[in-house]
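Notes for the structure review
Listed below, chain by chain, are the residues.
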Amino acid sequence: MEKGHDSSSSMAASELYTKFARVWIPDAEEVWKSAELTKNYKHGDKLLHLTLEDGTNIEYNLDEKTKNLPHLRNPDILVGENDLTALSYLHEPAVLHNLKVRFTDSKLIYTYCGIVLVAINPYENLPIYGSDIINAYSGQNMGDMDPHIFAVAEEAYKQMARDERNQSIIVSGESGAGKTVSAKYAMRYFATVSGAATEANVEEKVLASNPIMEAIGNAKTTRNDNSSRFGKYIEIGFDKRYRIIGANMRTYLLEKSRVVFQADEERNYHIFYQLCASSHLPEFKNLKLGGADDFHCTNQGGSPVIDGVDDSKEMSTTRNAFSLLGINEQNQMGLFQVLAAILHLGNVEIKDRDSDSSAIPPNNRHLQVFCELMGVTYQDMSHWLCHKKLKTAQETYIKPIPRMQASNARDALAKHIYAKVFSWIVDHVNQSLRASVKQHSFIGVLDIYGFETFEVNSFEQFCINYANEKLQQQFNMHVFKLEQEEYLKEQIPWTLIDFYDNQPCINLIEAKMGVLDLLDEECKMPKGSDDSWAQKLYNTHLKTCTLFEKPRMSNKAFIIQHFADKVEYQCEGFLEKNKDTVNEEQINVLKASKLKLDLLVELFQDEEKATSPTGTTTGGRTRLSVKPKEVRPGASSKEHKKTVGCQFRNSLAMLMETLNATTPHYVRCIKPNDLKFPFTFDPKRAVQQLRACGVLETIRISAAGFPSRWTYQEFFSRYRVLMKQKDVLSDRRLTCRNVLEKLVQDQDKYQFGKTKIFFRAGQVAYLEKLRADKLRQACVRIQKTIRCWLVRKKYLRKKHAAMTIQRYTRGHQARCLVKFMRRTRAAIVIQKFQRMYVQRKLYRQKQAAALVMQTILRAYMARQKYQGLLRNHKAVFIQKHVRGWLARQRYKRSLRAIVYLQCCIRRMKAKKELKKLKIEARSVEHFKKLNVGMENKIMQLQRKIDEQTKDNRLISERLNGLETSHALESEKLKIEVSKLKGIEEEAKNNANRVTSLLEELERLRKDLTTTQKEKKTIEDWATKYRDEMEQMVAELKEENGLLKTEKNDLNRMIKEQSQQMTEKMARALAEETHQLESDLNEERSRYQNLLTEHLRLEERYDDLKEEITLSVNVPKAGHRRTDSTHSSNGSECTYNSEFAESEESSRHGEDVTRGMDTSLTLKLQKRVTELEQEKSSLRNELENREEQFQRARARDDEEHRKSRGAELEYESLKRQELDSENKKLKHDLTAMRQSLLGNAGAEAGAPGSAPYKVLVDQLNTLCEELEVRKEEVLILRSQLVSQKEAMQHKDEKETMTEPLHYAEDVHNMKDSGAITQAYLSLKETNRSPTADFHRLNEDGELWLVYEGLKETNRLLEGQMQQQRRSYDNDVEVLRGELQSLKEENNRQQQLLAQNLQLPPEARIEASLQHEITRLTNENLEMLRTEDPTEYRTAKLNILRRMVDLMEQLEKQDKTIRKLKKQLKVFSKKIGEMGAGQGESVSPGQMVEETVRPVNIPRREKDFQGMLEYKQEDELKLVKNLILELKPRGVAVNLIPGLPAYILFMCLRHADYVNDDQKVRTLLTSTINSIKKILKKRGDDFETVSFWLSNTCRFLHCLKQYSGDESFMKHNTPKQNEHCLSNFDLAEYRQVLSDLAIQIYQQLIKCMENILQPMIVSGMLEHETIQGVSGVKPTGLRKRTSSIADEGTYTLESILRQLSAFHSTMCQHGTDPELIKQVVKQQFYIIGAVTLNNLLLRKDMCSWSKGMQIRYNVSQLEEWLRDKSLMMCGAKETLEPLIQAAQLLQVKKKTDEDAEAICSLCNCLSTAQIVKVLNLYTPVNEFEERVSVAFIRTIQTRLRDRCETPQLLMDTKVIYPVTFPFNPSSLALESIQIPGSLNLGFLTRV
């Protein structure tokens, strides 16, 4: 350990121990405490003045003898380093503080200490052991990444492969430190990165051995819930390709005593509790188990349950591991049966019979179960548990034993059985893991107990500490050796370093007459005891060995001074544990078991057959690798008596021999606290373990030499600030030498090596102090200058402000004076006019008041006078009327009295006269009765009466006259009376009126008074009301304003809400779209992953096939398989290897074709089945529809039949007329033929003669007319059908209300004539039917109907002509547009031809320029239309018209082709007919004349875009076009995609000739050849890119020319002629799509392999901005510790490589969309790899590195911008890296900073954010670390995030690829085949 004077010896103490220097002082609680000097130290001072961190001032007294100063503290920038050896001051407090800071603050559990990995148990599950972390560490150098167990494992794996030397990983530490977990993770790493050589899943078996060994060998202790109670060394075997082939396990010192005894709060081995927890299972019912509390072996500790552990689930895991390792169910049940028997045996109760004997009560239930499970008799076992057999030379005695000895014998038997079970399981695990092939090398993982010291230490602790002594010795030698090698390599003088050698302690234990030797000797003594052995130890070693001591107060213990500490061992039990005896009779009873279990036979087999002794505590390998010699019969007995100590010593010697033959790697596990609290650091416990595990010894050895080591470039970069410009030379080494000689005067403090500078301890701290002082001085100077500038700027600003204020103040005062004067003058003028106004107003008021008073007085007097006159007049008038009224009243009374008297008298007279008349009448009737004959007299009387009647009439007339005159007089009188009455009434009224007037006058006076009061009240109310109204109006106005404001707010809110709703709907739609896209991408990704897995299985199959072939044949020397991680494409089926040999034999190729046909046939059969099912479903649906239509039509068929009769008749007539014309034409044609035959002249009928031409012209004319007539007939027939369908559709629409598609019928009639006829027929159909259908057949009527129809047709034709003219105009416009498009197409082809003649660079530039021009023109065209909606509508209409025009042109082309074919037929017939005449022509003339008819058809056949080849040339085609085509050679100058075009043209010809076999074989050969060439050259990017481009082009050609309308709409008419006509290749399109996906994935892997070495160096390590990043001191774990530098990559290297990728793909004609996907994947790889390395490298997490990363990302974005790829999504893949770089640069102090970080880093997970904050490391002293409180604040704010806990990004992710359809405008008939392809056997068709 470094002392104080050592640390200060680097330079004068006065230079280091100055004011503000920080030191470490001892402390009882914290071990070491930090303090700061408050006063400079001077030589000779006896004390130091210090201030603790809590502010306490103390005086630290120096040791008077040694005068050692306290340890100096390292600079803050060195705190938290990955490697403890990077610390400048190497001592115990620095190591302890660095570990504490990393563990508690940064949550980092791993730290390097030179070659040792220090692992602190976090007591918490950390997400740092996933497969992503394994992939991140795989292939990395040990110093490049943060410390990790995976880094150590990777180092061991690489050194094994590089140095061809076996490796060992030694994991040590005390119980609970995490040894088992570390060893487990190391084995997991090997199993993951290496893979297995066979399909036996060896790596899974290796990992599966862990739960088994933990179940039978681990237990809960007070320090650890899963403590390993044995040591193990696992050798993982590898073959020559460094893949796992097997493993082997050795075990050491099993703690058997735990089987029968456990301390408080401890448990037995896990397997017992797992059995008890699974006792309810049916298969365990016969074991008769219960809970763990029911058995003595499991309930002694009182803690049968471990928190968070389910023993039943662990039991299931253990059983699955047994099954995986090949232990069958029967053996498993046998094991559980034996273990259950041990539990029952522990419950057997033994009682005293007397003082010297014991007995077991009869029918002991647990013993019965034990005997039943073990298959032994109860009597034998109960007897030998209480007795033992003694053998002498002559006799054998059976002696009872006391209860205590019997209990010990029972426990010994239980321990012996468990040890046998443990050994058996280890043997079978080794047997399962044994390699089936020869082992080439191995990596051993040693998981062994660390140094132990307890209050009571016994034999187990002695053996453990003995093993640690041996391991520490080996560790010290290895560290010393590495130091020596480093010094020699750098050619530095080597000085022997004194290090602690523990060989004396080892000799004390294992040498002759050592502790173990004396122990074995005492065990052989008949009466040997622990006390006698202790005495022998005292006598032998007490005086001769300084490491051996005797306790003062004990004679049964001894003390040994180990390397870690003194340990006191109690001698009690040493002999018994060393002997490890067991009663042989009990073993014999077990051997005699009646159970038919092979397990019991193997467990208790004869000891002579075993090479390792019974009851061994090692539990290790039971067989040695060397076959033992034959021994005497007594040798086995001697071997049987071999002690435990002897066995352990031998096993340890074998282990040390193995370790010395390997390269060791050390992992030291530290237990941070005894309470198992997560991330809690106890300094006391940590220091104890650091001292015990050798970490501090490593530090001491390093500190004794030159611990700090810098490369010259690193030193120059770090301390450039200490150099002057003149000191900087071109030679970095010379520069550093000159500077160091000036800075450090003592040359012994440093040494110059070949590549590094070596410094002694403390020198780096001194240099850092000089650097900090220099920077501080520079900062002070900068601050001085800046502060001066700021103060002067502030002064100038204040001066200018003061002058400005003065100027404005004076101006303000002047303005105020002028204003005052103006106001004074204005006030005088205002007063003058105001006073005048007031006086004038007073005068006018007084004048007005006088006039008003005069007016009122005069009016009052006039009114009084008038009122008097009016009263007098009224009184006179009243008197007059009253007097008249009184006179009239008197007259009326008199008149009434007179009239009344007259009436009374007249009534009396009338009564008298009536009485007289009644008497007379009564007498006449009497006389009538008496005198009947007096009629004459009566007649006379009657005449008399008539006369009297006449008289009476006259009198009455006279009376009437008198009455009339009397009535007139009465009227006059009545009028006068009424007048009088009126006068009387008026008089009365006047009298009453006077009274009422007086009353009214009084009332009016009162009303006037009341009215005046009311008026005043009303006026007051009006005033008040007016005020209220005004106030109300103001309030209403205000309220109206508020309402308007509220209305506006509401309108704004409504708009905002509507906008929000719109945005919300848009977001929801976008989210839904994004979700659908994500689901689609997931499906694509899943499908493409399945393709990848399928490819991997194919490759695996091919590899196995090759291995089988190689195993059958003689293997070639030096053959090695490529790495298992190598990506290559194999064939899709198992015939690939056969096809590889098809170049030699065409017959073999046919076999391959049949193989491919088989796979394709299966696919086609599946597809056919699906199509048949679909066809049947469609047929059923069609039948249902037909039934519905039939029912709908049934009702109206009859009535429509009559209405359509006339039309049908007309059509029949028309058809008859056309037939007659057709017959006439045929007759004319026949006549012409006869005339032709009849002409005998040779020249007249010869081809080329004038008659022949005329005849041909007439024939063509007739043929055209005949064709027209035929078309008319067809149109009429289609018209009838369309009429029928139209009527049916109409009926269906009326009855079923379903949408009907008339457009389909119109769509089927492409030419205008058919449409016209259909329209006419439809119009005719819709006419009402005539009533005289029965007269149509009469004479004359048919002609009239026909004429009417003709007139109707003419009318409709006129309308159609008008429509036709408009249609023709539209067609002309479209033709013009089509012509412009054709011209554009021709121009494009010309440009393409010109580009093909240019070099590649100029070609790309010209293409880009042309594309820019085209886009510019399109944009200008777009701008011409102001309304985008109208523009889109017009564009859609134009597109529709173009489609219609294209369809019509296609129809015309078909018609023309059909006519040409007919013309050819006729020409051929004419040629045959003229053959006879041609015989007389001369040969020369015949040759000349026959040239023209031969060339005409050939001109039609040329350039059809097809290539013909023979079947036997197929292999040659594939070989020349695919297998031997070099992308860098011939393919560079080809048209992009030319191989794809050639293959498709060959395929077209096979389709044209309808050769299905040829199509299948061509496609099969093509696919397999592409796979073969990619498998052969799959690591060549150009090859993969070339065939990805051609595969996609071939796939696009299959789609473009498939005949599908969706694909044909992009074609030209000429291209549509080239569509495939006979075969549907949809299945092959899918196969090609899958092949393209595989090629794409291989392209991505190829690019990843190229980019992977560049990314970290270019993006992180290289300083793109020079001088920004600072280099901190590093330790022994330098980068490139495993391999030498392969050259550094820069960002320019990455950009150049990306440009090379891009240019290569563009040159090969890769689709632009596919290039975008490739670039996106490239950038994802760059971002993911960079971020993962950033998260695993503490040295990269700094502010300056964040700036470097952001600059590098900006350069990548600039590259995207230059390549016009900003919209491809590549930039978004870098967002996590950008946010991580921003996180390194933002402030990290306050809550606002935390909120900003949470909102900023939305693409980073919580784990990643916290990891970056934990790793953030200041490079300079001026930066500050992130506080723990701030990190906790971040965690609290991000707690609600829903995200995966994964730390690293998955770099293996490949985005799902899509291949958008990209039709080619290149005409197939224009393609020329270069001669360099050697395809001369192809014939253009």
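Residues numbered from 1 in each chain as written. Predicted model: local features only at pLDDT ≥ 70, side-chain atom pairs only at ≥ 80, totals over all residues. Heavy atoms only, no water.

1. A look at the overall build of the chain
Within the chain one finds 57 helices and 26 strands. Counting every position in the chain, which comprises 1885 residues, the buried fraction comes to 42%. Looking at the chain alone, contacts between residues at least 24 apart form 74% of all its contacts between residues at least 6 apart. Of the roughly 106,000 Å² of accessible surface on the chain, 54% is carried by carbon and sulfur atoms. (Helix = DSSP H or I, 4+ residues; strand = E, 2+ residues; numbered from the N terminus. Buried < 20%, exposed > 50% of the residue type's maximum accessible area, 1.4 Å probe, protein only. Contact = heavy atoms within 4.5 Å. Areas by Shrake-Rupley, 256 points an atom, 1.4 Å probe, with all protein chains shown as cover.)

2. As for the pattern of salt bridges
Evaluated as defined, the whole model comprises 43 salt bridges. The shortest N-O distance in the salt bridge between Arg685 and Glu174 comes to 2.2 Å. Here Arg685, found in helix α24 (residues 683–693), pairs with Glu174, found in the loop between β8 (167–172) and α6 (179–194); they are 511 residues apart in sequence, far enough to count as distant. Exposure remark for Glu174: the relative accessible area of 10% places this residue in the buried category. The partner of Lys1519 in a salt bridge is Glu1524, and the shortest N-O contact between them spans 3.5 Å. On the basis of relative accessible area, Lys1519 is assigned to the partly exposed category, the value being 30%. Overlapping salt bridges, with partners in common, bring together Glu174, Lys671, Asp674 and Arg685 in one network. (Salt bridge = Lys/Arg side-chain N within 4 Å of Asp/Glu carboxyl O.)

3. Looking at the environment of Phe1723
Residue position: Phe1723 is located in helix α51 (residues 1712–1735). When its relative accessible area of 0% is taken as the criterion, Phe1723 is described as buried. Spatially, the C-alpha atom of Phe1723 lies 9.3 Å from that of Gly1769, the residues being 46 residues apart in sequence. Apart from the residues lying within four places of it in its own chain, the contact partners of Phe1723 are Leu1698, Leu1756, Trp1759, Leu1760, Ala1770, Thr1773 and Leu1774.

4. A word on a nonpolar patch on the surface
Taken together, the side chains of Ile782, Ile786, Trp789 and Leu790 make up a nonpolar region of the molecular surface, amounting to roughly 410 Å² of accessible area. Inspection of the secondary structure assignment puts Ile786 in helix α28 (residues 763–930). (Patch = residues over 30% accessible without salt bridge, like charges linked within 9 Å, V, L, I, M, F, W, Y side chains within 5 Å.)

5. Points about the sheet that holds strand β2 (residues 31–37)
Neighbouring strands of a sheet are bound in pairs by backbone hydrogen bonds; such pairs are parallel or else antiparallel. Spatial ordering of the open sheet is given by β4-β3-β2-β1-β5, a layout of 5 strands whose pairing is antiparallel. Of all strands in the sheet, those bounded by a partner on one side alone are β4 (57–61) and β5 (71–72). Across 6 bridges, strand β1 (residues 22–27) lies against β2 in antiparallel orientation. Each residue of the ladder has a partner; that of Ile25, found in β2, is Lys33. (Pairing = 2+ DSSP bridges.)

6. Concerning a positive patch on the surface
Judged by side-chain charge, Lys724, Lys726, Lys774, Arg781 and Lys784 come together as a positively charged surface patch. Following the sequence through the fold, Lys774 ends up in helix α28. Among the residues examined, Lys774 registers a relative accessible area of 41% and is labelled partly exposed. (Lys, Arg positive; Asp, Glu negative; His and termini not counted. Charge placed at Lys NZ, Arg CZ, Asp CG, Glu CD.)

7. Considerations on helix α3 (residues 92–105)
Counted at 1.5 Å a residue, the expected span for α3 with its 14 residues is 20 Å, and the 19 Å between its end C-alpha atoms agrees. Residues Glu92, Pro93, Ala94, Val95, Leu96, His97, Asn98, Leu99, Val101, Arg102, Phe103 and Thr104 constitute the buried set of α3. Just downstream of α3, Lys107 is the residue with a positive phi angle, here 55 degrees. (Expected span 1.5 Å × (residues − 1).)

8. Considerations on the pairing of β4
The buried fraction of β4 amounts to 0 of the 5 residues, a small share that puts the element mostly on the outside. Linking two consecutive strands that pair antiparallel, namely strand β3 (residues 47–52) and β4, is a turn of 4 residues; a positive phi of about 95 degrees is found at Gly55 within it.

9. Things to note about the sheet that holds strand β19 (residues 557–561)
One open sheet holds the 3 strands; their spatial order is β18-β19-β20, and the pairing between them is antiparallel. Of all strands in the sheet, those bounded by a partner on one side alone are β18 (548–549) and β20 (566–570). Sheet analysis places β19 next to β20, joined by 5 bridges and oriented antiparallel. Residue pairing across strands places Ala557 opposite Gln570, the latter belonging to β20.

10. Section: the packing of aromatic side chains
By convention here, two paired aromatic rings are described through the distance between centres and the angle between planes. Following the criterion strictly, the structure yields 36 aromatic pairs and no others. Following the ring pairs from residue to residue traces out a cluster consisting of Phe459, Phe462, Trp533, Tyr538, Phe548, Phe558, Tyr569 and Phe574. Positioned above the aromatic ring of Phe679, the side-chain terminus of Lys107 is 5.4 Å from the ring centre. Here Arg267 stacks its cationic end above the ring of Tyr273, 4.0 Å away from the centre of that ring. (Phe/Tyr/Trp six-rings, centres within 6.5 Å; stacked < 30°, edge-to-face > 60°. Lys NZ or Arg CZ within 6 Å of the ring centre and 35° of its normal.)

11. What about the packing of helix α45 (residues 1556–1576) against helix α49 (residues 1626–1661)?
Running from amino to carboxyl end, α45 crosses α49 at an angle of 10 degrees, the nearest separation of the two axes being 11 Å. Of the possible angle classes, the one that applies to α45 and α49 is roughly parallel. Counted together, Arg1560, Leu1563, Thr1564, Ile1567, Ile1570, Lys1571 and Leu1574 of α45 and Tyr1628, Val1631, Leu1632, Leu1635, Gln1638, Ile1639 and Gln1642 of α49 form the full contact between these two elements. Looking at the contact of α45 with α49 residue by residue, the classes come out as 9 nonpolar, 3 polar and 2 charged. (Axes fitted to C-alpha atoms, helices over the stretch in contact; angles between N-to-C directions. Parallel < 35°, antiparallel > 145°, perpendicular 65-115°, else oblique. Nonpolar A, V, L, I, M, F, W, Y, C, P; charged D, E, K, R; others polar.)

12. Some words on the environment of Ile1834
Positionally, Ile1834 belongs in helix α57 (residues 1828–1837). Dropping the residues within four chain positions of it, Ile1834 is found in contact with Ala1794, Ile1797, Cys1798, Ile1809 and Leu1813.

13. Quick look at unusual backbone geometry
Unlike most non-glycine residues, Lys107 shows phi in positive territory, near 55 degrees. Considering the arrangement of structural elements, one finds Lys107 in the loop between α3 and β6 (110–113). For Glu265, which is not glycine, the phi dihedral falls at a positive 65 degrees. You can see Glu265 is positioned in the loop between β12 (244–252) and α8 (270–277).

14. Here's the deal with the packing of α51 against helix α56 (residues 1806–1815)
Between α51 and α56, the shortest axis-to-axis distance is 9 Å and the interhelical angle comes to 50 degrees. Comparing their axes, α56 and α51 come out oblique. Here α51 contributes Leu1731, Leu1734 and Leu1735 to the contact with α56, which in turn contributes Gln1808, Lys1811, Val1812 and Leu1815. Within the contact of α51 with α56, the residues separate by chemical class into 5 nonpolar, 1 polar and 1 charged.

15. Structural notes on the environment of Phe752
For Phe752, the location among the structural elements is in strand β23 (residues 750–752). For Phe752, a relative accessible area of 14% corresponds to the buried category. Linking Phe752 and Glu490, residues 262 residues apart in sequence, is a C-alpha distance of 8.2 Å. Filtering out sequence-adjacent residues up to four positions away, Phe752 remains in contact with Ile492, Tyr712, Arg733, Cys736, Arg737, Leu740 and Ile757.

16. Points about the confidence of the model for the chain
On average, the chain scores 77 in pLDDT, and the residues at 70 or more come to 74%. Contacts from residues 1114–1162, a stretch scored under 50 in pLDDT, to residues over four places away or in other chains number 80 contacts. Segment residues 1474–1501: pLDDT under 50, and 9 contacts once partners within four positions in sequence are set aside and those in other chains are kept. (pLDDT = per-residue confidence, 0-100.)

17. Considerations on the side chain of Glu1648
For Glu1648, the location among the structural elements is in helix α49. Judged by its relative accessible area of 9%, Glu1648 falls in the buried class. Residue contacts for Glu1648: discarding those within four places in its chain leaves Ile1725, Thr1851 and Lys1852.

18. So, the side chain of Lys1558
The topology assignment puts Lys1558 in helix α45. At 5.4 Å, Asp1555 is the nearest oppositely charged side chain to Lys1558, a buried residue that forms no salt bridge. A polar atom in the side chain of Lys1558 sits 2.6 Å from the backbone oxygen of Tyr1509. The contacts of Lys1558, once residues within four sequence positions are left out, are Tyr1509, Gln1511, Glu1514, His1549 and Ala1550. (Polar contact = N/O pair within 3.5 Å; in protein donor to acceptor, adjacent residues only side chain to side chain.)

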